[in-house]
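Each chain is listed here by its residues.
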Amino acid sequence: MEVDGSSTKGLLNHIEKPHVLAVDDNLTDLKLVETLLKNSSCKVTTAENGLMALEYLGLGNDKQGSLNDNGSKVNLIITDYCMPGMTGYELLKKIKESSVMKNVPVVIMSSENTPTRINKCLEEGAHMFIPKPLKYSDVKKLRCQLMQWGN
């Protein structure tokens with residue numbers, strides 16, 4: 001029996017190491033998300049606000065159609081809802097308006113779990129809404145969902 005699976009190693013590494021863009025203006029929450037995702041074998045890039053996230057994805061300054069190398073490598077975006085300047089909902093809308101990024105799953109986190117807010121995000125294209133603080137069980141669920149979402 002082959003234990004290391006070397007014949008499928010490249011494929012498994014791609015599946016097992018998804019690249020997640022985590023966005024949150026609260027640095028404590030952002031560090032928690034980053035740590036939980038890294039402990040779950042994810043590559044994590046962090047952004048402290050929606051504008052930084054858009055810049056990283058190559059969608060800043062209304063670059064709706066262009067995509068840089070960073071955006072093409074992101075498998076999942078997880079963002080806080082309440083952020084100054086640009087909310088997670090506004091970030092979600094910008095991502096879903098982009099022809100090149102619209103299929104990347106977006107997960108919204110919030111400590112205010114209002115049903116109207118949750119429904120608004122899901123209707124706009126969020127794949128999931130998670131209450132804060134993020135827990136390890138949430139990350140495990142995300143990892144399973146990510147495979148089902150096709151990344």
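Residues numbered from 1 in each chain as written. Predicted model: local features only at pLDDT ≥ 70, side-chain atom pairs only at ≥ 80, totals over all residues. Heavy atoms only, no water.

Enquirer: Help me out: how do you make sense of the nonpolar core in this one?
Expert: Within soluble globular proteins, side chains that are nonpolar tend to cluster in buried spots. Judged by nonpolar contacts, the single largest core of 24 residues is most densely connected at Leu21, Val23, Leu57, Ile77, Ile108 and Cys121. Of all the secondary-structure elements, those providing two or more residues to this core are strand S1 (19-23), helix H3 (50-57), helix H5 (88-97) and strand S4 (106-110). When near neighbours in sequence (up to four residues on either side) are disregarded, Ile108 contacts Thr79, Tyr81, Gly88, Leu92, Cys121, Ala126, Met128, Phe129 and Ile130. Ranked by size, the runner-up nonpolar core spans 18 residues in total, among them Leu37, Leu76, Val107 and Ile130. (Core = buried A, V, L, I, M, F, W, Y, C linked by side-chain atoms within 4.5 Å. Buried < 20%, exposed > 50% of the residue type's maximum accessible area, 1.4 Å probe, protein only. Helix = DSSP H or I, 4+ residues; strand = E, 2+ residues; numbered from the N terminus. Contact = heavy atoms within 4.5 Å.)

Enquirer: Any chance you could explain the environment of Val107 here in plain terms?
Expert: Of note, Val107 is situated in strand S4. Here the alpha-carbon distance between Val107 and Leu92, two residues 15 residues apart in the chain, equals 8.8 Å. For Val107, the residues in contact, after removing those within four places along its chain, are Leu76, Ile77, Ile78, Thr79, Met128, Ile130, Leu142 and Trp149.

Enquirer: I keep staring at the pairing of strand S5 (residues 128-131) and nothing clicks. Help me out?
Expert: A regular strand carries its side chains on alternate faces of the sheet. Examined bridge by bridge, S4 and S5 share 4 bridges and lie parallel to one another. Directly across from Met109, in S5, lies its bridge partner Ile130. Read from S4 through helix H6 (residues 115-124) to S5, the crossover connection turns out right-handed. (Pairing = 2+ DSSP bridges. Right-handed = clockwise from strand over helix to strand, strands pointing away.)

Enquirer: Just checking my understanding: could you explain the confidence of the model for the protein for this structure?
Expert: One rule of thumb: low pLDDT means the predicted coordinates there are not for detailed reading. Put simply, the protein has an average pLDDT of 86, and 81% of its residues get 70 or more. Summarising per-element confidence for the protein, the mean pLDDT is lowest in helix H1 (residues 9-16) (45) and highest in strand S3 (residues 76-80) (98). Confidence drops under a pLDDT of 50 for residues 1-14, and excluding neighbours within four residues, the segment shows 2 contacts in the predicted structure. (pLDDT = per-residue confidence, 0-100.)

Enquirer: I tried to follow unusual backbone geometry on my own but got confused; where do I start?
Expert: With the exception of glycine, most residues fall at negative phi, and the peptide bonds are largely trans. The residue after Lys132, namely Pro133, is reached through a cis peptide bond having omega 0°. Within the fold, Pro133 resides in the loop between S5 and helix H7 (136-148). For Ser41, which is not glycine, the phi torsion reads 65° and is therefore positive. Inspection of the secondary structure assignment puts Ser41 in the loop between helix H2 (27-39) and strand S2 (43-47). Ser41 sits in the partly exposed class, given a relative accessible area of 34%.

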